[in-house]
Amino acid sequence: MEESKKNSFILDRVDYKGDPADRNTTGGWVPAALIVVIEVSERLSTMGIIVNLVTYLYGTMHQSSTTSSTITSNVAGTSFLLCLLGGILADSFLGRYWTIAIFSVIHALGTCMLAISAALPELRPPACNHDFPFKCEEPSSFQMGILYTALYSMALGVGGIKSSVSGFGTDQFDQNDEKELAEMAHFFNRFYLIISFGTLLAVTVLVYVQDQVGRSWGYGICSASMFLSIFAFLIGTKRYRYRECTGSPIIQILQVIVAAIRKRKAEFPPDLSFLYEKASDNESTISHTNKYCCLDKGAIITGMDRGPDGLTISNPWGLCTVTKVEEVKMLIKILPIMVATIIFWTIRAQLLSFSVQQAATMERSIGNFPIPPASFNGFFVGSTIITLIIYDRILPFWRQSAKGVHGFTNLQKIGIAIFLSILGMAAASFAEMKRLDVVRANRGSTSSTLPITAFYLLPQFVLVGIGDGFMYTGQLDFFITESPKGMKAISTGLFLTTNALGFFGSSILVTIIKNVTGEKVGHGWLLSRLNDSRLDCFYALLAVLGCIDLAFYLVLASWYKPNPVEDAHLKINGKEKV
């Protein structure tokens with residue numbers, strides 16, 4: 001009976017009181033679902049605001065189209081970049097639970113402030129005079145200040161939430177238990193599937209409410225949903241499994257580097273088992289690997305590390321354990337994979353900008369119902385959702401037919417996503433060539449749209465949408481499972497940083513192409529008017545860059561070896577359990 005009680009405890013996890021987490025009373029699907037609710041509300045609010053922000057800035061705040069686009073891109077990019085800050089805070093100081101709780105409140109307050117600014121006439125400029133439609137009053141510094149405060153409060157909230165939600169969700173499953181490990185594999189797919197439904201709801205229903213009912217109502221719904229999700233999240237406090245903070249990962253990285261530099265001239269011992277290691281209660285150890293052996297210098301015990309009694313003196317800035325060194329190695333190992341995924345997110349960024357502009361010039365009606373150009377991203381989200389549903393349904397049959405196989409590996413998913421994005425850009429290039437043929441055939445026409453259906457654009461939205469399902473789940477799984485236990489939030493922040501680098505990389509690439517190809521009609525690829533541009537060449541370039549990136553990624557993936565398993569030590573009733 002006593003042995004059965006011991007086996008119910010989860011290694012390296014505690015409950016809300018700080019005691020070892022009991023498998024029978026904590027964790028599992030219900031707490032994980034309460035955590036996912038926060039991310040669903042965040043996605044609903046953020047996407048519902050961001051996708052329609054340009055029209056609000058242009059139509060209500062009287063900003064130019066260029067300024068409106070820049071503000072929107074900056075808010076989106078900053079949201080993802082702040083995920084790195086959120087990861088550092090979660091791993092170093094707050095823990096994932098408190099990071100989610102605090103930043104969710106910040107996000108909710110930001111959306112609430114945005115709703116108030118949209119509702120009060122004093123916080124926005126007066127409507128343009130119909131007699132002078134081109135002489136609109138610009139907003140005051142105070143009005144723009146309130147708007148910026150609201151938007152960047154929301155962005156700050158996104159950074160804290162996204163960096164910790166997925167990692168805290170996986171904390172509810174024990175990777176050392178075969179049954180819970182299989183459930184965690186399902187969690188990654190279902191996690192992104194569920195939040196994709198939130199995105200779909202945002203770009204359809206919530207955008208409709210903003211345009212047809214009122215911005216204040218739309219933003220108010222965003223704020224209300226966040227406050228309700230916070231309440232649901234707090235309900236699960238007693239049932240969550242927690243990981244205790246193990247110290248600042250940034251400080252640990254610096255300590256390993258400094259110790260290795262200080263001992264760069266030290267000789268390795270004849271037996272590497274003599275490298276410094278010290279495992280205390282409730283801590284894990286990682287076996288030594290030969291990768292990045294220059295960092296192992298920091299674990300060499302020299303004379304300066306011994307006291308007068310001959311015992312080793314622990315000084316983290318001069319002597320690091322093998323485990324600490326290996327954790328830094330683990331983080332370094334995933335960085336090349338991170339770099340190789342940026343092109344995918346650069347391609348993804350085109351569907352929010354140029355592809356929407358293409359759709360705006362084409363026929364978009366189904367019967368008498370016109371489809372808004374931005375709503376074509378609904379086909380992207382729909383493709384992602386269908387892909388995840390099909391994959392989630394096929395997975396059990398796959399596991400039965402091939403025992404021990406849990407579906408595609410995370411690295412295989414990433415490779416599939418990059419390949420599909422290449423096909424998507426190739427399809428986009430051919431669709432644009434067809435559209436430009438119609439443009440040339442209808443020179444002089446006064447019609448606002450071209451006599452060509454926008455459904456020629458579906459392949460690029462569908463292919464990249466399917467790839468997004470594989471990329472997000474594969475990349476998220478990879479960064480969480482391959483990172484050290486004390487750095488999972490910061491590694492999630494690194495994963496989400498690739499999204500930001502994709503947005504900013506797209507802007508940089510557009511600037512370079514405009515400068516290189518010039519502004520002459522017929523030669524410039526990206527001109528002020530889409531019908532005068534050669535967007536097909538730009539899409540083709542992205543496809544070529546994707547091919548180069550895929551080759552680079554395949555080399556990295558073939559070289560990559562999974563990180564060693566951490567050997568956890570837990571003392572229960574005075575006896576050590578491994």
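Here's a quick rundown of the structure. Fair warning: this is a prediction, and the values are worked out from it, not measured in the lab.

## A word on the overall build of the chain
Okay, step 1: Along the chain, the regular secondary structure elements total 16 helices and 10 strands.
Okay, step 2: When each of the 578 residues of the chain is scored for burial, the buried share is 52%.
Okay, step 3: Taking the intrachain contacts of the chain between residues at least 6 apart in sequence as the baseline, contacts between residues at least 24 apart amount to 79%.
Okay, step 4: A total accessible area of about 26,200 Å² is found for the chain, and carbon and sulfur atoms account for 64% of it.

## Let's talk about helix α9 (residues 322-340)
Okay, step 1: In this model α9 runs 29 Å from its N-terminal to its C-terminal C-alpha over 19 residues, within 8% of the 27 Å that 1.5 Å per residue would give.
Okay, step 2: α9 sits mainly inside the fold: 14 of its 19 residues count as buried.

## Points about the packing of aromatic side chains
Okay, step 1: Inspection of the entire model under this criterion finds 21 aromatic pairs.
Okay, step 2: Within the aromatic cluster, the residues linked to one another by ring pairs are Tyr97, Trp98, Phe168, Phe233, Tyr240 and Tyr242.
Okay, step 3: Here the basic side chain of Lys291 rests over the ring of Tyr292, its NZ or CZ set 5.8 Å away from the ring centre.
Okay, step 4: Stacked on the ring of Phe380, the Lys or Arg Arg348 has its end atom at 3.8 Å from the ring centre.

## Some words on the pattern of salt bridges
Okay, step 1: Applying the stated criterion across every chain, the model contains 9 salt bridges.
Okay, step 2: Close ionic contact of Lys162 with Glu39 constitutes a salt bridge, the shortest N to O distance being 2.9 Å. Linking Lys162 in helix α5 (residues 141-170) with Glu39 in helix α2 (residues 29-50), this pair joins segments that are 123 residues apart in sequence.
Okay, step 3: A residue is classified by how much of its surface remains accessible, and Lys162, at 7% relative accessible area, is buried.

## As for unusual backbone geometry
Okay, step 1: Phi at Tyr292 is positive, roughly 50°, even though this residue is not glycine.
Okay, step 2: Within the element layout of this structure, Tyr292 appears in the loop between β3 (284-285) and α9.

## Some details on the side chain of Arg43
Okay, step 1: For Arg43, the position within the fold is in helix α2.
Okay, step 2: Although Arg43 lies buried, it forms no salt bridge, and the closest oppositely charged side chain, Glu39, sits 4.3 Å away as judged by the N-O distance.
Okay, step 3: Looking at Arg43, its side chain comes within polar contact range of the side chain of Thr199, at 2.9 Å.

## Observations regarding the packing of α2 against α5
Okay, step 1: For the pair α2 and α5, the least separation of the axes is 10 Å and the interaxial angle reads 150°. Looking at the two axes, α2 sits roughly antiparallel to α5. Between α2 and α5 lies a crossing whose hand is left-handed. Each of Ala32, Ile35, Ile38, Glu39, Glu42, Arg43, Thr46, Ile49 and Ile50 in α2 lies in contact with α5, whose residues at this interface are Leu151, Met154, Val158, Ile161, Lys162, Val165, Phe168 and Gly169.

## Here's the deal with the pairing of strand β1 (residues 9-14)
Okay, step 1: For β1, the tally of buried residues reaches 6 of 6 residues, placing the bulk of the element in the interior.
Okay, step 2: Bridge count for β1 against strand β2 (residues 20-22) is 2 bridges, and the pairing is antiparallel. Within β2, the position partnered with Phe9 by the bridge is Asp22.
Okay, step 3: With antiparallel pairing between neighbouring strands as the criterion, β1 and β2 make up a hairpin whose turn holds 5 residues, including Gly18 at a positive phi of roughly 95°.

## Topic: the nonpolar core
Across soluble globular proteins, you tend to see nonpolar side chains buried next to one another.
Okay, step 1: In this structure, Phe168, Phe191, Phe233, Tyr472, Phe538 and Tyr553 are the most contacted members of the largest nonpolar core, which totals 104 residues.
Okay, step 2: Here this core takes 11 residues from helix α13 (residues 410-441), the largest share from any one element.
Okay, step 3: Each residue touching Tyr472, except ones within four places of it in the same chain, is listed here: Arg43, Lys162, Phe191, Tyr192, Ile195, Trp345, Phe495 and Leu496.
Okay, step 4: Of all hydrophobic cores here, the second largest spans 22 residues; its members include Leu44, Ile71, Ala115 and Tyr219.

## Examining α2
Owing to its 3.6 residues per turn, the α-helix brings residues three or four apart onto one side.
Okay, step 1: For α2, which comprises 22 residues, the first-to-last C-alpha distance of 31 Å matches the rise-based estimate of 32 Å (1.5 Å per residue) to within 8%.
Okay, step 2: Of all 22 residues in α2, 16 are buried, a share of seventy percent or more.

## Some details on the side chain of Asp536
Okay, step 1: By the element assignment, Asp536 lies in helix α16 (residues 535-559).
Okay, step 2: When its relative accessible area of 6% is taken as the criterion, Asp536 is described as buried.
Okay, step 3: Beyond its immediate sequence surroundings of up to four residues, Asp536 is in contact with Ser429, Glu432, Met433 and Leu436.

## Quick look at the packing of helix α10 (residues 342-350) against α16
Okay, step 1: At a minimum axis separation of 10 Å, α10 and α16 run at an interaxial angle of 160°. With respect to their mutual orientation, α10 and α16 come out roughly antiparallel. Crossing hand, α10 versus α16: left-handed. Contacts from Ile343, Thr346, Ile347 and Gln350 of α10 reach α16 at Phe538, Tyr539, Leu542, Leu545, Gly546 and Asp549.
Okay, step 2: Grouping the amino acids of the contact of α10 with α16 by side-chain chemistry returns 6 nonpolar, 3 polar and 1 charged.

Scoring rules and cut-offs
- Residues numbered from 1 in each chain as written.
- Predicted model: local features only at pLDDT ≥ 70, side-chain atom pairs only at ≥ 80, totals over all residues.
- Heavy atoms only, no water.
- Helix = DSSP H or I, 4+ residues; strand = E, 2+ residues; numbered from the N terminus.
- Buried < 20%, exposed > 50% of the residue type's maximum accessible area, 1.4 Å probe, protein only.
- Contact = heavy atoms within 4.5 Å.
- Areas by Shrake-Rupley, 256 points an atom, 1.4 Å probe, with all protein chains shown as cover.
- Expected span 1.5 Å × (residues − 1).
- Phe/Tyr/Trp six-rings, centres within 6.5 Å; stacked < 30°, edge-to-face > 60°.
- Lys NZ or Arg CZ within 6 Å of the ring centre and 35° of its normal.
- Salt bridge = Lys/Arg side-chain N within 4 Å of Asp/Glu carboxyl O.
- Lys, Arg positive; Asp, Glu negative; His and termini not counted.
- Polar contact = N/O pair within 3.5 Å; in protein donor to acceptor, adjacent residues only side chain to side chain.
- Axes fitted to C-alpha atoms, helices over the stretch in contact; angles between N-to-C directions.
- Parallel < 35°, antiparallel > 145°, perpendicular 65-115°, else oblique.
- Left-handed = near helix turned anticlockwise from the far one by under 90°.
- Pairing = 2+ DSSP bridges.
- Core = buried A, V, L, I, M, F, W, Y, C linked by side-chain atoms within 4.5 Å.
- Nonpolar A, V, L, I, M, F, W, Y, C, P; charged D, E, K, R; others polar.

These values are about where atoms sit, not about what they do.
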